[in-house]
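Breakdown of the fold
The residues making up each chain are set out below.
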Amino acid sequence: MVDLDVTDILDWQDATSTAFVPLRCTTLTPGFTAHLESVPLCAGISLAHITSGPLRVERTAQQARQSDDDDLLVSLQLKSTGDVHQHGRTARLVPGTAALYETNRPYLLDQPQPGQDLIVLRVPRDRLGLKDTIVTDLCGRTMDASVPGMAAFTGYVFGVVAGRSQLSGQARQALGQISTDLLALALRSFAELRGTGWDNDQTLLEAAKAYIRSNLGDPNLGVEGVARATNVSARKVHSLFSSTGQTPAAYARRLRMERAASLLADRSQTQQTVQSVASACGFRDTSTFTRAFRRAHQCSPTEWLLMETPTEGQSREDHGRQ
């Protein structure tokens with residue numbers, strides 16, 4: 001994790017060039033200050049929280065040509081305003097909006113107002129599963145709350161940044177994947193709105209899955225809530241999941257049990273009780289949680305904690321049966 005304060009624009013240029021890609025930073029305001037916190041998640045995915053005074057951040061054509069970097073960046077504006085310029089387009093950012101830009105092409109971030117506060121997600125291009133032509137078409141455009149999936153994405157990454165100091169290594173892996181999935185969902189929805197021909201049912205299914213992943217701790221999570229969040233009927237939600245060979249409830253149960261196993265594995269660091277793990281996975285009481293956990297893993301949560309490390313080639317579930 002990187003956590004630094006800067007009072008010189010050239011030092012800020014060095015810091016952001018290291019955290020992201022080589023950049024050129026300038027400011028016309030005396031007494032420039034900025035703060036950067038960068039949190040690596042997994043496999044090239046990272047989140048950065050940035051606060052600063054007015055500045056311009058440029059990725060020049062020469063820098064883009066001389067670099068092999070091919071990652072994508074998403075700026076989510078929390079306070080103040082700014083513009084993202086790329087491919088001859090300008091995304092106007094106000095609090096709650098975001099913009100995508102690709103690092104293999106020139107771009108300009110113009111942030112002339114004081115009190116800049118934003119989150120930047122860095123994602124390898126191939127993790128999103130989108131065609132390059134779609135990605136390029138979406139760059140330099142403003143994404144706001146009207147884009148299906150944007151509310152889930154912005155709320156999730158804000159929560160990750162807020163709880164960054166308590167993240168274990170295993171949690172970073174999971175959070176990186178979920179952040180990427182939610183971004184992919186929002187971008188697919190944005191592409192659909194722009195008429196790129198994305199399969200709408202696939203977008204809806206990803207939206208439903210993302211909603212379930214983001215609400216596993218809600219004991220009232222159910223098909224009706226998923227339907228409201230995706231603006232379709234409960235019958236449509238069941239139809240979307242039928243193509244996957246499982247019901248929405250089965251999908252939620254599997255993710256809850258995966259989360260439970262992950263939280264229990266991190267218990268030595270987090271000191272969570274079985275009761276708190278149950279609550280985090282959407283169970284109102286530990287007895288119901290224990291029964292569900294035993295069905296999924298063939299042992300109780302307490303037995304899971306006490307088991308010795310499985311031998312090579314033996315799954316933890318097999319070990320639990322012995």
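Everything here concerns the structure above.
One structure accompanies this document, and this report is about it.

Cut-off values and rules
- Residues numbered from 1 in each chain as written.
- Predicted model: local features only at pLDDT ≥ 70, side-chain atom pairs only at ≥ 80, totals over all residues.
- Heavy atoms only, no water.
- Helix = DSSP H or I, 4+ residues; strand = E, 2+ residues; numbered from the N terminus.
- Rg over C-alpha atoms; globule rule 2.2 N^0.38 Å.
- Buried < 20%, exposed > 50% of the residue type's maximum accessible area, 1.4 Å probe, protein only.
- Pairing = 2+ DSSP bridges.
- Axes fitted to C-alpha atoms, helices over the stretch in contact; angles between N-to-C directions.
- Contact = heavy atoms within 4.5 Å.
- Polar contact = N/O pair within 3.5 Å; in protein donor to acceptor, adjacent residues only side chain to side chain.
- Core = buried A, V, L, I, M, F, W, Y, C linked by side-chain atoms within 4.5 Å.
- Salt bridge = Lys/Arg side-chain N within 4 Å of Asp/Glu carboxyl O.

So, about the overall build of the protein chain. Helix and strand counts for the protein chain stand at 14 helices and twelve strands. Taken against the 2.2 N^0.38 rule, which gives 20 Å for 322 residues, the C-alpha radius of gyration of the protein chain at 22 Å falls within 12% of a compact globule. Along the first, second and third principal axes, the C-alpha set of the protein chain runs to 65 × 45 × 35 Å. Relative to its 322 residues, the protein chain shows a buried fraction of 51%.

For the rest of this paragraph, the subject is the sheet that holds strand E10 (residues 107–111). The strand order across the open sheet formed by five strands is E2-E5-E10-E7-E8, and the pairing between neighbours is antiparallel. The outermost strands of the open sheet, each flanked by one partner alone, are strand E2 (24–26) and strand E8 (89–93). The sheet shows a mean angle of 15° between the axes of neighbouring strands, direction not considered. Direction of pairing for strand E5 (residues 55–59) relative to E10: antiparallel, over a ladder of five bridges. The residue bridging Arg56 from the neighbouring strand is Asp110, located in E10. Against the sheet, helix H1 (residues 9–19) makes contact with E2 and E5, and its axis sits at roughly 150° relative to E2, the strand it touches most.

Residue alternation in E8 divides its side chains into a buried set, Arg89, Ala91 and Leu93, and an unburied set, Thr90 and Arg92. When strand E7 (residues 82–86) meets E8, the two strands line up antiparallel, connected through five bridges. Along E8, the bridge assignment pairs Val84 with Ala91. Linking E7 back to E8 in an antiparallel pair, the connection comprises two residues, with His87 at a positive phi of about 55°.

This part is about H1. Of the positions making up H1, those classed as buried are Ile9, Trp12, Gln13, Ala15, Thr16 and Ala19. The secondary structure elements touched by the buried residues of H1 are strand E1 (2–6), E2, strand E3 (34–42), strand E4 (45–52), E5 and strand E11 (116–123). Where H1 begins, the capping side chain belongs to Asp8, and its oxygen is found 2.9 Å from the backbone nitrogen of Leu10.

With 39 residues, the main nonpolar core has Leu47, Leu100, Leu128, Phe153, Leu183 and Leu187 as its most contacted residues. Aside from chain neighbours lying at most four places away, what touches Leu100 is Leu72, Leu73, Val74, Gln86, Val135, Leu138, Cys139, Gly140, Met143 and Leu187. Residues Val6, Trp12, Val84 and Tyr101 belong to the second largest nonpolar core, which totals 25 residues.

A word on the pattern of salt bridges. For the coordinates displayed, the defined rule picks out eleven salt bridges. The partner of Arg56 in a salt bridge is Asp110, with the nearest N and O atoms 3.8 Å apart. Here Asp110 lies in strand E10 and Arg56 lies in strand E5, a separation of 54 residues in the sequence. On the accessibility criterion, Asp110 (17% relative accessible area) is buried.

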